[in-house]
Amino acid sequence: MDFPNLQNLMEMEKLVLRNCSITDSILDYIGEMTSLKILDLSFNRLTGQVPDTMESLPHLEYLFLTNNLLSGTIPSWILDSNDKFDVSYNNITGPSSLNKGLVLSNRSVTDSIPDYIGDMTSLKTLDLSFNNLTGQIPDTIGSLSKLEYLN
């Protein structure tokens, strides 16, 4: 199913299209729905990247893009946000300078956890669950004094 045409619904505050078998990309006009507070597009088969236009959603508090086929890099505006954003279970990777959260769950990572994770001192969330990690948990993770969630 293609992404539905919702271009005329610019005053919408809550958009939940969870588990609707959408196989399209997230369309740019979503970023023009400036009243959105909640956007849940989880459990579809969305492809492509998170559109840059979504950064301009001033009231967005909850963004759920969990369990899709999204790719590319997690946009920095998602990482810089204090809101509830979840992009896990996708093919998205983090940028080289993460500052609040690193969610790489269910990404088929098959290596060890690198020591430099401990250098990411601003991390509040670290989720490496459902991977094929090898080796020991590095001692440097103990230096993440701001870490609030570890999975």
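Notes on the structure follow. As the structure is a computational prediction, the values presented were derived from the model and not from experiment. (Residues numbered from 1 in each chain as written. Predicted model: local features only at pLDDT ≥ 70, side-chain atom pairs only at ≥ 80, totals over all residues. Heavy atoms only, no water.)

Before going further, it helps to examine the nonpolar core. Counting 27 residues, the largest nonpolar core has Leu15, Ile30, Leu36, Leu39 and Met54 as the members making the most contacts within it. Broken down by element, the residue count for this core peaks at 3 residues, all from helix α1 (residues 76–79). If near-sequence neighbours (up to four positions away) are discounted, Leu15 is found in contact with Leu6, Ile30, Met33, Leu36, Ile38, Leu39 and Asp40. Among the nonpolar cores identified, the runner-up in size contains 8 residues, and Ile113, Ile117, Leu123 and Leu128 belong to it. (Core = buried A, V, L, I, M, F, W, Y, C linked by side-chain atoms within 4.5 Å. Buried < 20%, exposed > 50% of the residue type's maximum accessible area, 1.4 Å probe, protein only. Helix = DSSP H or I, 4+ residues; strand = E, 2+ residues; numbered from the N terminus. Contact = heavy atoms within 4.5 Å.)

Moving on, we get to the side chain of Ser35. For Ser35, the position within the fold is in the loop between β1 (14–16) and β2 (38–40). In this structure the side chain of Ser35 is engaged in a polar contact, spanning 3.5 Å, whose partner is the side chain of Glu11. Excluding residues within four positions of it along the chain, Ser35 makes contact with Met10, Glu11, Met12, Glu13 and His59. (Polar contact = N/O pair within 3.5 Å; in protein donor to acceptor, adjacent residues only side chain to side chain.)

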